[in-house]
Amino acid sequence: MPTTRPRPRNSVTVQYAVARRGLPAPAALARWARAAAPARPLTLRVVGAREGRALNRRFRRRDHATNVLSFPYGSEGDVVLCHPVVAREAREQGKTLHAHYAHLIVHGVLHLRGHLHDDPRSARRMEAREIRILRRLGFADPYTVE
């Protein structure tokens, strides 16, 4: 009888449902995720607008693609990033694509860990965590407009 082996505690699986050209490498995506949740197995999936919109519509009842979605389950979780939205936001905000991906991955993984931004106080706490993690990774404060 086959046995299912548990995933290692810091396992990060990266899936690309879009062309990878110009996107951060799987190792970078995994490193950014581990910085926010070193002991949580998770999957990062980079999708196009169609899949991003379908997931947002199905799970959040919003009929548009969004930048990042988090799906916690048990001790694991999935973070889905919609590349066209992430790329557009990076351009609009004057950020590098890597910096914006790093921020959204950290943000999404913190959601998997139970962090919320439903009110001003919880938003400040979550943003402070994001800033600390991103600083350790070598990225600037994503909430500061230059």
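For clarity, every value in this text was computed on a predicted model and none was experimentally measured.

### Observations regarding the overall build of the protein
From N to C terminus, the protein includes five helices and four strands. From first element to last, N terminus to C terminus, the protein shows the α and β order β-α-β-α-β-β-α-α-α. Each principal axis of the C-alpha atoms in the protein carries an extent, and together these give about 60 × 30 × 30 Å. In the protein, buried positions account for 44% of the 146 residues. In the structure as shown, the protein presents an accessible area of about 8,700 Å², 51% of it carried by carbon and sulfur atoms. Considering the protein, the positive charge centre built from 27 side chains and the negative charge centre built from 12 side chains are found 6 Å apart.

### Points about the confidence of the model for the protein
The predicted model of the protein has a mean per-residue pLDDT of 92, with 92% of residues at 70 or higher. When the elements of the protein are averaged for pLDDT, strand β3 (residues 68-73) gives the smallest value, 94, and strand β2 (residues 42-47) the largest, 97.

### A few points about the packing of aromatic side chains
As enumerated under the stated definition, the model contains two aromatic pairs in all. Ring centres of W32 and F139 lie 5.7 Å apart, and the angle between their planes is 80 degrees; on these two criteria the pair is classed as edge-to-face. Here W32 is found in helix α1 (residues 26-36), whereas its partner F139 is found in the segment after α5 (120-136), with 107 residues between them in sequence. Residue W32 is classed as buried on the basis of its relative accessible area of 2%. With 5.0 Å between their ring centres and 70 degrees between their planes, F59 and F71 make a pair best called edge-to-face. Of this pair, F59 sits in helix α2 (residues 49-60) while F71 sits in strand β3, placing them twelve residues apart in sequence. The exposure class assigned to F59 is partly exposed, which follows from its relative accessible area of 44%. Among the residues examined, F71 registers a relative accessible area of 18% and is labelled buried.

### Focus on the pattern of salt bridges
Pairs can form between side chains of opposite charge once their charged atoms are near each other. If you walk through the whole model with that rule in mind, you get four salt bridges. Between R45 and E51 there is a salt bridge, with its nearest N and O atoms 2.8 Å apart. Given a relative accessible area of 25%, R45 falls into the partly exposed group. The salt bridge partner of R88 is E92, with a shortest N-O separation of 3.4 Å. With R88 and E92 both in helix α3 (residues 83-93) and four residues apart, this pair spans about one turn of that helix. For R88, a relative accessible area of 37% puts it in the partly exposed group. Three or more residues are tied together by salt bridges with common partners; here these are R53, R57 and D63.

### As for the sheet that holds strand β4 (residues 76-82)
For sheets, the rule is that strands pair by backbone hydrogen bonds, running either parallel or antiparallel. With respect to topology, four strands assemble into an open sheet ordered β1-β2-β4-β3, the strand pairing being mixed. The sheet is open, and its two edges are formed by β1 (12-16) and β3, each paired on a single side. Within the sheet, the average angular offset between the axes of one strand and its neighbour, ignoring direction, is 15 degrees. Relative to β4, β3 runs antiparallel, the two being bridged by six bridges.

Calculation notes
- Residues numbered from 1 in each chain as written.
- Predicted model: local features only at pLDDT ≥ 70, side-chain atom pairs only at ≥ 80, totals over all residues.
- Heavy atoms only, no water.
- Helix = DSSP H or I, 4+ residues; strand = E, 2+ residues; numbered from the N terminus.
- Buried < 20%, exposed > 50% of the residue type's maximum accessible area, 1.4 Å probe, protein only.
- Areas by Shrake-Rupley, 256 points an atom, 1.4 Å probe, with all protein chains shown as cover.
- Lys, Arg positive; Asp, Glu negative; His and termini not counted.
- Charge placed at Lys NZ, Arg CZ, Asp CG, Glu CD.
- pLDDT = per-residue confidence, 0-100.
- Phe/Tyr/Trp six-rings, centres within 6.5 Å; stacked < 30°, edge-to-face > 60°.
- Salt bridge = Lys/Arg side-chain N within 4 Å of Asp/Glu carboxyl O.
- Pairing = 2+ DSSP bridges.
- Axes fitted to C-alpha atoms, helices over the stretch in contact; angles between N-to-C directions.

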